[in-house]
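Structure at a glance
This is what each chain is made of:
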Amino acid sequence: MLVSEIFKPENIKMEIQSTDKEELFEEMVNFLADVEHLDIREEILKGIWERERKMTTGIAPNIAIPHTHIPNIERSMGVLGISHKGIDYDSLDGKPVHLVMLLVGDDKQPENHLKILRNIAILLTNPNFYPSIMKCKNPKEVSETIVQFEEDQRFVK
C-alpha cells in the first residue's frame, strides 16, 4: 500500500491546533474517526499511547509517526497533520514536531502495516520531502506532493 493511499486529501489536516502530544493525539484521532466514520476512537488512542510509551515516535527532525495496529478495522488508515507553529512532542532531538503522520493498521495484517511504515521511511530519506510538504497550501497539494515523491522512489505495494 502506498503512502498516498493512506494520506488522501480528506485525511490531511492542514493546521493542527494542538501544542503538546496529549492534545495532538486527541485531535488527530478525532479527525481520523470523523473522516473514516469510526466508532473506535478510544481503542485507537489506547493503542497509540501504548506504542508511544515504548519509545517516542518523534524520531526524525520535525517529524513524528505515531502508529498502532488494532483489531477489527478493514484496512490501514491514517491522518497527516501539519503544524507550522510546532508541537512539544518529546522527540529524540528535543525539538518541536511540525509534520505528524498517524497510522493505524489492522493487527491481523502486520506485514501491511510494516510496508507502509517502510514506505514512509523511504519518503523521509529524501531531504526535499519535508520542506516540500511544508510549502503546500492545501490537502490536495500535499497529496499530489506525496505522489510525486513516491514516483521517484521504490515502494512496496
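A short tour of the structure in this document, coming up. (Residues numbered from 1 in each chain as written. Predicted model: local features only at pLDDT ≥ 70, side-chain atom pairs only at ≥ 80, totals over all residues. Heavy atoms only, no water.)

**Things to note about the environment of His113**
Tracing the backbone shows His113 in helix α4 (residues 110-125). By relative accessible area, His113 is classed as buried at 3%. Separated by 25 residues in the primary sequence, His113 and Asp88 have C-alpha atoms spaced 26 Å apart. Among residues more than four places away in sequence, those in contact with His113 are His67, Thr68, His69, Leu103, Val104 and Gly105. (Helix = DSSP H or I, 4+ residues; strand = E, 2+ residues; numbered from the N terminus. Buried < 20%, exposed > 50% of the residue type's maximum accessible area, 1.4 Å probe, protein only. Contact = heavy atoms within 4.5 Å.)

**Some points on the packing of helix α2 (residues 21-36) against helix α3 (residues 41-54)**
Here α2 crosses α3 at 140 degrees, and the two axes come no closer than 10 Å. Relative to α3, the element α2 is oriented oblique. As for the relative orientation of α2 and α3, their crossing is right-handed in sense. Seen from α2, the contacting residues are Lys21, Glu22, Phe25, Glu26, Val29, Asn30 and Leu32; seen from α3, they are Arg41, Ile44, Leu45, Ile48, Trp49 and Glu52. Residue composition of the contact of α2 with α3, grouped by class: seven nonpolar, one polar and five charged. (Axes fitted to C-alpha atoms, helices over the stretch in contact; angles between N-to-C directions. Parallel < 35°, antiparallel > 145°, perpendicular 65-115°, else oblique. Left-handed = near helix turned anticlockwise from the far one by under 90°. Nonpolar A, V, L, I, M, F, W, Y, C, P; charged D, E, K, R; others polar.)

**Section: the pattern of salt bridges**
Using the criterion set out here, one finds eight salt bridges in the structure. In this structure, Glu26 engages Arg41 in a salt bridge whose closest nitrogen and oxygen atoms are separated by 2.4 Å. Of the two residues, Glu26 sits in helix α2 while Arg41 sits in helix α3, which places them 15 residues apart along the sequence. When its relative accessible area of 32% is taken as the criterion, Glu26 is described as partly exposed. Here the residues in one salt-bridge network are Lys8, Glu36 and Arg75, joined through shared partners. (Salt bridge = Lys/Arg side-chain N within 4 Å of Asp/Glu carboxyl O.)

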